[in-house]
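Results of the structural survey
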Amino acid sequence: MTNPNKGMQDNQEQLFKTLKLYIPDLWSAKAHSASFQNTRSGYLRDRISMLAIVWGILIVLWVPFDLLFLSGSLGIEIAISRVALAAYLFTIAKYNSRQTSLKKAQWCMTLMVIGLNLFYLYSMQVLDFPNGNSGIECGYTLLPILHVAILTILPVTIKESLGLLFITAVTQLFVEFQADRLLTPENLADYWLQNVLAMMVIWSQLSKLYMLMRLYRQATLDPLTGIYNRRMLLQLANKSISHCENKGQPFSVLIFDIDKFKRINDTWGHGAGDKVLRGFADFMQSKIRKTDLFGRYGGEEFILCLPRCNSDMAEKIAERMLCYIRQLELPIGYADTKLQITTCIGISTYSSGDTLSSMIERADRALYECKDSGRDCSRFHPVGFQYHGNERRKAIA
């Protein structure tokens, strides 16, 4: 018979883990990995360009109403400002479509919101700050609400959303102050409704960001350890190699293989083996640089890619990791039992004409040399090095 209290406790622990995982990512882009920033920048780029183009077209389509319903000079002034705003939005869309970085997408998004609010401020000034209760001017007083509502399609963080909403809020409050209706009962009621709308917009934005993060993690991260899966690791490593090659920088690959991992599964069970893999992955992530790439290659094998590291630096890092790992104690979920592990580390460094595949192949041969040498060690194989013990191992197998 299952214990309902235990099930509730498990659900609470799962909820806490989910919140702990996602809240930092939902709050700020600084918590995002470089690869997710690239993914989100592409998503933002497409939506910002689409929004700027669509809004620019709608703004131009309203020009006949300005000329028809506003008095001659007022209609012409606002119509000209509409055309200028549309040209501004089309320019942002064109510039934004060529960008790839998240920072530039954020700037385009901010510039778009600033442009919309400047038009609102200018139109209110031209109309002498109308009260907005009736007539054609009423549509202009509703612009801040539209400026908030259109942001719902953007998957942005809480900080980004608050910054964009702040621009619109300050502009509206300034207009209300100039119109001498800042604290009227009608406006206070409007502020309440606009705050509710702003909360719904933020909720919608975070929902899109959360869904994007979940899809990204499912597609790119290993479900057991939470680090890059093999496909994503190789994809990012190829890009990193190309970047280092173009800049004349070294690049090294380290393959880690946990020693006698099958014995852990046979002795303690696969659940304990999973905890060892998770513990090892968490430990490694705490010891590497942000620019390094670490992922699960398969089974108990992991790959660490080291941009801007030559063979000497890679060997020193490997030796340091071996020392750290020997001191590591990993809980396996049985009372206070903790396991100590060791690893083999195969090393290779990029040479002219190399590919990621050839580097991994050399590091893999170096890994077998480590196993033949008694494990708990590292070996480096340069280009052209032939390890015959590896061939004997294959023949025996």
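Residues numbered from 1 in each chain as written. Predicted model: local features only at pLDDT ≥ 70, side-chain atom pairs only at ≥ 80, totals over all residues. Heavy atoms only, no water.

1. Looking at the overall build of the protein
Helix and strand counts for the protein come out as 15 helices and seven strands. Expressed along its principal axes, the backbone C-alpha trace of the protein runs to roughly 95 × 60 × 30 Å. Looking at the protein residue by residue over its 397 residues, the buried ones come to 44%. Restricting the contact set of the protein to residue pairs at least 6 apart, pairs at least 24 apart contribute 68%. By element, 60% of the accessible surface of the protein is carried by carbon and sulfur atoms, the whole surface being about 21,500 Å². Side-chain charges in the protein split into 43 positive and 35 negative, and the spacing between the mean points of these groups amounts to 4 Å. (Helix = DSSP H or I, 4+ residues; strand = E, 2+ residues; numbered from the N terminus. Buried < 20%, exposed > 50% of the residue type's maximum accessible area, 1.4 Å probe, protein only. Contact = heavy atoms within 4.5 Å. Areas by Shrake-Rupley, 256 points an atom, 1.4 Å probe, with all protein chains shown as cover. Lys, Arg positive; Asp, Glu negative; His and termini not counted. Charge placed at Lys NZ, Arg CZ, Asp CG, Glu CD.)

2. Considering unusual backbone geometry
Phi at Asp180 takes a positive value of approximately 60°, unusual for a residue other than glycine. Within the element layout of this structure, Asp180 appears in the loop between helix H8 (158-178) and helix H9 (185-220). Taking the relative accessible area as the measure of exposure, Asp180 reaches 69% and is therefore exposed. Despite not being glycine, Asp376 has its phi angle at roughly 55°, a positive value. Among the structural elements, Asp376 can be located in the loop between helix H14 (356-372) and strand E7 (378-380).

3. Description of the sheet that holds strand E3 (residues 301-307)
Reading across the sheet, the five strands line up as E2-E3-E1-E6-E7 and stay open at both edges, with mixed pairing between neighbours. Edge strands, defined here as strands with exactly one partner in the open sheet, are strand E2 (293-298) and E7. Neighbouring strand axes in the sheet, compared pairwise and without regard to direction, differ in orientation by 20° on average. The sheet contacts of H14 involve strand E1 (251-258), E2, E3, strand E6 (343-349) and E7, and relative to E6 the element is tilted by about 145°. (Pairing = 2+ DSSP bridges. Axes fitted to C-alpha atoms, helices over the stretch in contact; angles between N-to-C directions.)

4. Considering the packing of aromatic side chains
This model, assessed by the stated rule, comprises seven aromatic pairs. Seen from their ring centres, Phe65 and Phe69 are 6.2 Å apart, and the 10° between their planes marks the pair as stacked. Of the two residues, Phe65 and Phe69 are both situated in helix H3 (residues 63-69); the distance of four residues between them amounts to about one turn of the helix. The class for Phe65 is partly exposed, based on a relative accessible area of 36%. Taking the centre distance of 5.0 Å and the plane angle of 55° together, the rings of Phe280 and Phe302 count as tilted. Here Phe280, found in helix H12 (residues 270-287), pairs with Phe302, found in strand E3; they are 22 residues apart in sequence, far enough to count as distant. Of the two residues examined, Phe280 and Phe302, each falls in the buried class. The ring of Tyr297 has Arg230 sitting right over it, with the charged end atom 4.0 Å from the ring centre. The ring of Tyr368 carries the charged tip of Lys371 above its face, separated from the ring centre by 5.2 Å. (Phe/Tyr/Trp six-rings, centres within 6.5 Å; stacked < 30°, edge-to-face > 60°. Lys NZ or Arg CZ within 6 Å of the ring centre and 35° of its normal.)

5. What to know about the UniProt feature "domain: GGDEF" (unreviewed entry) in the protein
Per the UniProt record, "domain: GGDEF" (unreviewed entry) is annotated on residues 249-383. Structurally, residues 249-383 is divided into 44% helix and 27% strand, and its ends, taken at the C-alpha atoms, are 17 Å apart. (UniProt positions renumbered as here; feature names shortened; annotations may be inferred.)

6. Re the UniProt feature "transmembrane region" (unreviewed entry) in the protein
Under the feature "transmembrane region" (unreviewed entry), the UniProt entry names residues 48-65, 71-93, 105-122 and 134-154. Strand forms 0% of residues 105-122 and helix 100%; the C-alpha atoms that close the span are 26 Å apart.

7. A look at the side chain of Ser49
Following the sequence through the fold, Ser49 ends up in helix H2 (residues 34-61). Ser49 has contacts with Ala93, Asn96 and Ser97, leaving out every residue within four places of it along the chain.

8. Focus: the pairing of E3
Along any regular strand the residues' side chains alternate between the sheet's two faces. Of all the seven residues making up E3, seven are buried; the element is thus mostly covered by neighbouring parts of the structure. The side-chain alternation of E3 yields two buried faces, one formed by Glu301, Ile303, Cys305 and Pro307 and the other by Phe302, Leu304 and Leu306. Here E2 pairs with E3 via five bridges, running antiparallel. Across the sheet, the residue bridging to Arg296 is Phe302, located in E3. With antiparallel pairing between neighbouring strands as the criterion, E2 and E3 make up a hairpin whose turn holds two residues, including Gly299 at a positive phi of roughly 60°.

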